[in-house]
Amino acid sequence: MYSEWASLSSLIHNGNEENFSVLGKFPMVEGKAVAVSVVKHLAGNLGISQAAEPSPLTTDREVLWCMEVVCFGLSLPLSEHDTIRDCVFVYCEWLSALHPVPKISVPKPVCEDPNLYARKMINHFHNLFVPRKGEAWPFLYLDIGHDVINRQAVLCHRVLRTLQTLAQVSNRMNRETWESLLLFLLAINDTLLGPPTVKDDVGDQLCERVLSVLFEVWLLACSRCFPSPPLWKTFREMCMNWRHRMALIEQWNRVNLVLTSKLLEFMYGPSFPELKVSEEDAQLIPSGMTNDCIAQAWYRFLHCIGDPVDLCHPAIISQTQKFLQYAITSEDVVDPYQHPCLTQLPKIFSKAIRGIAVLVDSFLGIAQPYMDEGSSEKKESSSHPSSATHSPTPPPQRRLAKSFSVAPSSAIKGMPKASLIGLTSGRTVTTSHSTATTNSGPSSTSSLTSVLSNLGQDTRPPLAPARPKCNSILHMFGEWLFEAAHIGCHGSTHISDNSRLGEASTKRPSSLLLDGSVRKSIGSGNSLGIQGMVVNASPSFSPASSQPASLNDATELPPTLTIEKFESGRAEALGALCRIFCAKKTGEEILPVYLARFYLALQQGLRIPEDRSGDARVCGEVLSSIILNSADLFRLDLDGVQVLVPYVLDALEIILPDKELSPKSQYVSKTELRRASIHLLLSMLVLPLHFQTLPIRELSSGSEKNYNPLTFIQLKPRLMNLLINALQVESDPQNTQMLLGGLLLSVQDAAAYEEMEQGIQLDQGPDTPSNLLSSASDTMSSHSLSDYRSLTEDLPELQEGDAAFGNLYYDYPCRLSKNSAHALFVQATYLVCHRLMSSWKSDLNVSLAALELLAGLARTHIRKTARKLTDDLECKRAVKWLCDYVAQQCSRPPPAHSKDLHSSIVAAFQTAATWLSAHPFLLHDKECLTTVLEVVELGISGTKSQGKPGEPIKMKEEKELKPASMRVRDAAEALLTVILEQVGYFPSPCGAESLSSLLDEAALLRHCRSPSSLTPPFHRNCSNSFYSEQYKGSSPLHHFRYFVIENSTMLALLEEPLGVSDEQDSQPTVTLLIRGPFGRHAWSMQLRHLPRHKSGSKYHAPNPGRPIPMGETSVRPDFKPRYFPESVDRIPLCKVDHSIPSLESTFVEDEKSSMEHAHLARLMERQVAAEAAAMQKSKALLEQIRDSGGQVECTPPPVCHEFQTARLFLSHFGFLSSESLKEPLNSPIAPLMALDINQPGFSHDLETLDGISCRTCDTVHLFYVRARQKTADEILSNVNSSSTVNPHFLEFLSSLGWPVSVHKHPGWSGHVSTSWRVTESSSGFDLPVSDHGGSLYNGENKVLYWADVNSEIAFVVPTLKSQKFMDTISTDGSLTSGELSSGPASFDRSFSDRGYLPPTPVPPEKPMRTFSLDLERQQQLAQQDGSAGASSSNMANEIMPPAPPPPTRQKRLGRQGPGSLHSSGGDTKVLVVWLESFEDWINVPIGDLLNSMATGLEGGTRPSERESFVIFLHALQTGLLRVKLQGPSGRMTLATPLVDGMVVSRRVLGTLVRQTSLNMCRRRRLENDAYHPPHVRRRLKIQEMTQKYMIKMSEPELYTYLFSSPPS
């Protein structure tokens, strides 16, 4: 840069003639006497001890003569301290002539020409800093003592402070004065710092101060009078002579950082993360410094110390004149590089490279503060520690501020200054190391620990979106970093023995050059091929070319300067390089030459050298730095990065399996190191099955002619072994969850690959009984654990009685001999279940992750080659482990019971339900069934009937109901229902979309035999089948009798037979709609006296004919019956008899009783008259027959076609017994309660009940983001055409679930207004879509759906059209005509699907809902038309008293609102965002996209962006996908199997995204205190309806109600 400019070094070395006084020509005694007397007089006028007076010097000649004296005084021996001090005071006062207001004591000639005199005075000051003639400072000070050194240092500080103030405040300095000042500072720095460092000399004392003044004044000169090129060249040459001083590197880092912070401001704007420096350091930059001046100064200061890598070469650093002079004069030092002060070079080198690394981080926008607040060293930068007796000079309050930090301004503004720590401090990695006293450590960004770790997210700060390209940063810093990364390295070849790194090595080439002309020679002995790049190694390369000869022979160097001592600086360089290359943007190109040099540097850094202590497995600083900073290495589209996979795998095999690993550097956190290693492992797990037999190219060509290249598939056993072994020894909860996610990924990816290999298409529907485990063409047996020896080595045998897993050995080797999916399944199941029981049960998050993995294993499809008994045993063992886990958790002492503990038990019950539903054959095993039911009993009641062996069995009525918690009891009830209703029967004939029957009241009436039940007729255009009010007749509800049993189950009984009328087979038939906590079910029962196969035969004898009459006439006695014997009339009455009043006397004075008695008398008279008329008519008929001489033939009565089947059903099932009808003591509600359907709102509540699903319902919204899109409208428009999306996105959609039509789908459809109903769409909804990019599944017509026995999930791809559609739905809670049909609970497929009815009004006390089903309007119409509904109501009022009014306050179901009944815990928003450019994740408008994600379950609250979960997917060029997770921070939000940063294959992407989404929602529900499971919400709704509509009846009134005909 300055090669053509002359240097001023000779002027500095030779000195200036103006520094010599004429008094020096006289003897020292005479000169000293003159100086003492004159200087004392001059100092007396300065105002130090008395008031200042004007100077008597009035001419130039006088002033110049006095300056000659002062010049000589400054060169006096240090013993004349008072005279030297007065000389300093005089010149310091006179220099104020350059101030805006000079002091009064300044001579007039000096004020008139201040620049001339100032230059002379500045030159004279040089005498204060140089050794005296004939004296050598180091030896002189040994005699003088420390006190003299401190006095001398104080005077030097005074001069430096004066000159620094002068440069800051003076506006009269011309260029010559500025240059004189800069040359003076360079000269004194060279004088003090140039010689080798000697402990406690003045150079050691003043080193930091003189350098700070030099750099700060130089910065001022850049702003006021930019230094000339000769000065810059001299400045650079001088700095290179001082590089053995630690303070130089500290000041260099400090100024570089401050200039970089200003540079970033005007280069990248305010949006770029602010490089925060301390307030004191920020003042180094003058306020008027222009941007161009800052840029020029930044570049020049950056290069002022030359090549920083020279610091690791003692021979280069010591090649200066003063080192040579010292070596010549010293008897101890033979060679200059053997001077003791050079032992500090490793620390100096590390600090210099660290400063460059911080600059790299600042350009990437990720630099972070270094925390070292506890450092107590006074001068850490000095070569030797200062004596404890020294007083700090300058005082601590005036010491240099060297602190800095880098972070986004919004996050760090207002941070106290004490928390900003400087480059001179050591670097901490985690908060476990609060202080640092050395200068070694890993890269700057490895220390950040973020709250995002709860999500498994990368704890490093995000890269700045506007960061420069990698090539630009490498152009600036790459040469230094590459050279530093290669110090002490030798080239090596990865021997292709398909397992390990070989021992053979070659020398590293000194330079790598891109040579496109030799690409055709890839694979030859002299070239390196990395996906199209070729790097040639010079055949004339010598190892000495990369370092001096002095470093090649270790015997010539002291032990403190061996190449191993520079490992810290090399680690910094490699860490910075890793961060640069991992900052590559999507589509960014990096020069092949940089990639090649980077890969070679990593290859060398990842090698594990043989340690001299004999331990070959040492995780040094270099390896730690690479691992900590290269987590994204395989997540980016770096060309040819796969060549590093074997080397990285070798390094991970050192770190992960060793739980006692201790990194060399004390500042490297073991947990963070393992986490970074796990990130790398998760990005490599899918590579073997993805690339298969693709060979991995060697980084450097070997000499072997016949070697087999390593292929990716050969790495699979090592990766699986590493994963299993890492999981065994991992103790950190977050790391464990990440490994569990990787394990499930490996199992499912292997299973999917094997199925694809056999051409088996994965079923997108629910898990079916065909999802049985089958072995994978291996000979493994699992009858006992000893049979696992074909899978692992030295595995202990599991005895049958080891139920508590007390003697299991878990730290076993996991060397897989078989890599099939079944082998991985067996290994994963055993390891996870055992560690869940032994180590993880006390940690909620790890327990949940383990249970999620087991649930994923249950759903995994293993390829079917041969059914074996071992498969059943594996599944039985897994269920047994789950049951033991629940029992063990429930048996923990009461203090251990907490919300977290119960959450883990609930999750275990859900996992057991998944296993049983996926493998129904488990319940065929008696032992398994007993184990499961015992755990269910434990969950419901709190104890088991069968206790410990030998204890008597406790019956149900003997036990006290004390479950661990209500949540545990609810989960156990849900599992019991799954066992009784779903296992082996899921999916039902209705499909997986619904666990309930699709029949409702209207559908049943439509199939009734009785024509009257269809009057008025049900037309096919009646869309709301059993709630419609288009007809003038009764509602379908009035044909049913409604009862509630045990306050939890609602029965709707229809007494009319179904099917075609058959007079010959008329049997008592009752049809039931059972609405319980777990759904709606339809039963049809018939009372038969014979089996159906015999019902066709006549069971009665043919007519035998008329019997022969007997002529005998019977004699009928005529007597009058008596109620009491005749003797009663003869007994006289007594007073007691008169105490009982007569009937007439009871209502004489009571008008109401009198009216009732009169009414009763009239009824009796009417009945007597009716009976007398009937008897008279019968007698008349008999007399008429007798008079005509005829005879009456006896015939059998006709077959009865009308039965009170509701009464028969309730009686046969024991609901009408006396015990059942009695009200229990602990409840005001009897076991059997009738409901009054005539009350307003009954149909609405019945609709609401049918709208509460018996499974959890979740919704995932998917978005496609093209490159650089930032608005919601742009994003929503992408999916309208397949041409605007990646084809793999459509493939991904198809793997999430199966498509369903919203209008024909009885399950969850993504919005509550269109869910749990079956209708036919309007004419425009079912138009075929030939070309779409996912918009077909926008929820308007179709969605993607998946369900199992516990949950259902809908996948919706929102569009602009669907957003408007949902806005219409949400507006006022209603729809416009033709958009949707009504009837949320109408499941009939035939006559509730053609038309639309406007919603009926809702009672004002209820929240507005769409399509209300109350019958108020029907009752009004019935009253107006005189329908039968009114008379039936009157009859009911006569039989029974009116029901009490409904309670004003219902039991709270969590959060109340429009969607509270469906999701009392709130709606969890899950977004899946497909990114074309990964960097766009930070710009995705999540808040705007939430507006298109309405589900109706929000509960009246607007969804928050902070509470949303986002799964970002980015397709790599290799065909794999990178995953990034974003979500709220919490204790339970880290759901698996997807982990932030994981790389997955397309084969399992849909499955993993679906499982992760479900697990996210489940964890959120577990964390929500207000959440109720679906069956609990249904039960509470039934109890609410019971309280509201129950009819209080006595036992006779109930019987009367049952014997009466139902209202029609």
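Bear in mind that the values here come from a model prediction, so they are computed numbers and not experimental data.

Enquirer: Explain the nonpolar core to me, using residue names and the numbers behind them.
Expert: Inside soluble globular proteins, nonpolar side chains tend to come together where they are buried. Formed by 334 residues in total, the largest nonpolar core has its most connected members in Phe 301, Leu 644 and Phe 1292. Sort the elements by how many residues they give to this core and helix α11 (residues 202-224) lands first, with 13 residues. In contact with Phe 301, other than residues within four places in its own chain, are Phe 215, Trp 218, Leu 219, Cys 222, Trp 232, Phe 235, Trp 252, Val 255, Asn 256 and Leu 259. One finds Phe 1040, Ile 1229, Ala 1230 and Tyr 1589 within the second-largest nonpolar core, a separate group that totals 23 residues.

Enquirer: Can you tell me about unusual backbone geometry, naming the residues and giving the values?
Expert: Here Phe 986 and Pro 987 are connected by a cis peptide whose omega angle stands at 0 degrees. Residue Thr 1536 is joined to Pro 1537 through a cis peptide bond whose omega torsion reads 15 degrees. The topology assignment puts Pro 1537 in the loop between β15 (1521-1526) and β16 (1543-1544). Backbone geometry at Gln 692 places phi at a positive 55 degrees, although glycine is not the residue there. If you trace the backbone, Gln 692 turns up in the loop between α27 (687-691) and α28 (716-729). A positive phi angle, near 60 degrees, is found at Trp 1316, a position not held by glycine. Mapped onto the elements, Trp 1316 comes out in the loop between β10 (1298-1301) and β11 (1342-1347). By relative accessible area, Trp 1316 is classed as buried at 5%.

Enquirer: Break down the packing of aromatic side chains for me, with residues and values.
Expert: Evaluated as defined, the whole model comprises 35 aromatic pairs. Centroid distance Trp 232 to Phe 235: 6.1 Å. Interplanar angle 70 degrees. Geometry classified as edge-to-face. Here the residue Trp 232 and the residue Phe 235 both occupy positions in helix α12 (residues 229-241), the gap between them amounting to three residues, near one helical turn. Both residues of the pair, Trp 232 and Phe 235, belong to the buried class. Their ring planes at 50 degrees and their centres at 6.1 Å tell us that Phe 363 and Phe 477 sit as a pair that is tilted. Pair noted here: Phe 363 is in helix α18 (residues 345-364) and Phe 477 is in helix α20 (residues 470-485), with a separation of 114 residues, a long-range link.

Enquirer: Mind laying out the environment of His 99, listing which residues take part and the relevant values?
Expert: Following the sequence through the fold, His 99 ends up in the loop between α4 (81-94) and α5 (108-112). Along the sequence, His 99 and Asn 171 sit 72 residues apart, while their C-alpha atoms lie 7.3 Å from each other. Those residues in contact with His 99 that sit more than four places away from it in its chain are Leu 166, Val 169 and Arg 172.

Enquirer: How would you sum up the sheet that holds β15? Please name residues and give values.
Expert: Strand order in the open sheet formed by eight strands is β10-β11-β12-β9-β13-β14-β15-β16, with mixed pairing between adjacent strands. The sheet is open, and its two edges are formed by β10 and β16, each paired on a single side. Examined bridge by bridge, strand β9 (residues 1256-1265) and strand β13 (residues 1470-1475) share six bridges and lie parallel to one another. Along β13, the bridge assignment pairs Val 1260 with Val 1470. Running over the sheet, helix α49 (residues 1546-1567) touches β9, β11, β12 (1351-1356), β13, β14 (1509-1515), β15 and β16 and is turned about 170 degrees from β14.

Rules used throughout
Residues numbered from 1 in each chain as written. Predicted model: local features only at pLDDT ≥ 70, side-chain atom pairs only at ≥ 80, totals over all residues. Heavy atoms only, no water. Core = buried A, V, L, I, M, F, W, Y, C linked by side-chain atoms within 4.5 Å. Buried < 20%, exposed > 50% of the residue type's maximum accessible area, 1.4 Å probe, protein only. Helix = DSSP H or I, 4+ residues; strand = E, 2+ residues; numbered from the N terminus. Contact = heavy atoms within 4.5 Å. Phe/Tyr/Trp six-rings, centres within 6.5 Å; stacked < 30°, edge-to-face > 60°. Pairing = 2+ DSSP bridges. Axes fitted to C-alpha atoms, helices over the stretch in contact; angles between N-to-C directions.

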